[in-house]
Amino acid sequence: LTFKKTYSPLSSAEIIAKEKANMDEKRFEHCVRVSETSRELAKLNGYDEDKAALAGFVHDYAKQVPVEQYRKVIKEQDFDLDLLNWNRAIWHGIVGTYFIERDLKIRDPEILTAVRRHTTGDVKMTTLDKIVFMADFIEPGRHFPGVEEARKITYANLDEGVGYQLTHTLAFLIEERNKIYPRTIDAYNFWGIKKD
Ligand code: GDP
Ligand code: FE
Ligand code: FE
Ligand code: FE
């Protein structure tokens, strides 16, 4: 695993070492697989493969940052204070970019936006946003009913993959009676609904 361009003053080896130190082995392996899947989706969709591979690698950099650090950063760094009503499932994308900028020194807006949108999706999504969002959902370590269908759809058409994921995640969250982040619903209304 190496990144030719890191979009950071840090080297590929330094970024990999910092990421490894910030999460457990299981999460790290997931990030490696999301990186590889992002690279494949980039190739299929005419996007910069190395940039996609890096964005996929760092997407969950902050997933295991302690809750107290998140609460402090949300309050001190001018984030929407409504975020305090949510949890790490929502924070690690939207607020996680703060830790990526701080620790990995990645400031590329496309990469940071893709991380920001990787959990909820959004109405507006760039090609890189869609690549990371879908790679996270279909990477080879994912095993859930529908994942094969998700892979098939996504490899055929990235936008349809986005619609499929948003529909299935929303249905799952509602089934479990979880609180839905409004952006997830907005994204579903844009990408998920049948257009006929
Ligand atoms: P991961 O970080 O690789 O586990 O994957 P994601 O970042 O895509 O998702 C993290 C968790 O957030 C998953 O369990 C999702 O189902 C969940 N999630 C996604 N959208 C929402 C939402 O609107 N509300 C809540 N409560 N959870 C969500
Ligand atoms: Fe995530
Ligand atoms: Fe995701
Ligand atoms: Fe992930």
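Here's what I pulled together on the structure shown here. (Residues numbered from 1 in each chain as written. Chains lettered and ligands numbered in written order. Predicted model: local features only at pLDDT ≥ 70, side-chain atom pairs only at ≥ 80, totals over all residues. Heavy atoms only, no water.)

### Observations regarding the coordination of the iron ion (ligand 4)
Phase 1: Within the protein, the atoms that donate to the iron ion (ligand 4) are His30 (NE2), His59 (NE2), Asp60 (OD) and Asp136 (OD), at distances of 2.1 to 2.2 Å.
Phase 2: Here the donor residues of the iron ion (ligand 4) are spaced in sequence according to H-x28-H-D-x75-D.
Phase 3: Separating the iron ion (ligand 4) from the iron ion (ligand 2) is a distance of 3.4 Å, and aspartate 60 supplies a donor atom to each of them. Linking histidine 30 in helix α2 (residues 25-44) with aspartate 60 in the loop between α3 (49-58) and α4 (67-76), this pair joins segments that are 30 residues apart in sequence. Residue histidine 30 shares its accessibility class with aspartate 60, and that shared class is buried. (Donors = N, O, S within 2.8 Å, 3.2 Å for Na, K, Ca; no water. Helix = DSSP H or I, 4+ residues; strand = E, 2+ residues; numbered from the N terminus. Buried < 20%, exposed > 50% of the residue type's maximum accessible area, 1.4 Å probe, protein only.)

### Regarding the coordination of the iron ion (ligand 3)
Phase 1: In the first shell of the iron ion (ligand 3), the protein supplies His118 (O) and Asp136 (OD), at 2.4 to 2.6 Å from the metal.
Phase 2: Between the iron ion (ligand 3) and the iron ion (ligand 2) the interatomic distance amounts to 5.3 Å, and histidine 118 serves as a bridging ligand to the pair. Of this pair, histidine 118 sits in the loop between α7 (109-116) and α8 (127-138) while aspartate 136 sits in helix α8, and the two are 18 residues apart along the sequence.
Phase 3: Residue histidine 118 is classed as buried on the basis of its relative accessible area of 2%.
Phase 4: According to the relative accessible area criterion, aspartate 136 is buried, its value standing at 8%.

### So, the site of ligand 1
Phase 1: Taken together, 17 residues surround ligand 1, and among them Lys63, Thr119, Arg142, Tyr181 and Thr184 come closest.
Phase 2: Within the side chain of lysine 63, an N or O atom sits 2.8 Å from an oxygen atom of ligand 1.
Phase 3: Threonine 119 places a side-chain nitrogen or oxygen 2.7 Å from an oxygen atom of ligand 1.
Phase 4: For the shell around ligand 1, the elements supplying multiple residues, two or more each, are α2, α5 (88-94) and α10 (158-175). (Near = heavy atom within 4 Å. Polar contact = N/O pair within 3.5 Å; in protein donor to acceptor, adjacent residues only side chain to side chain.)

### Re the side chain of lysine 51
Phase 1: Structurally, the position occupied by lysine 51 is in helix α3.
Phase 2: Only 3.1 Å separates the side chain of lysine 51 from the side chain of aspartate 108, close enough to count as a polar contact.
Phase 3: Those residues in contact with lysine 51 that sit more than four places away from it in its chain are Tyr7, Asp108, Glu110 and Ile111. (Contact = heavy atoms within 4.5 Å.)

### Details of the pattern of salt bridges
Phase 1: All chains considered together, the criterion is met by 14 salt bridges.
Phase 2: The partner of lysine 51 in a salt bridge is glutamate 110, and the shortest N-O contact between them spans 3.1 Å. With a gap of 59 residues between them, lysine 51 in helix α3 and glutamate 110 in helix α7 connect regions that are remote in the sequence.
Phase 3: Among the residues examined, glutamate 110 registers a relative accessible area of 39% and is labelled partly exposed.
Phase 4: Connected via shared salt-bridge partners are Lys4, Arg39 and Asp50. (Salt bridge = Lys/Arg side-chain N within 4 Å of Asp/Glu carboxyl O.)

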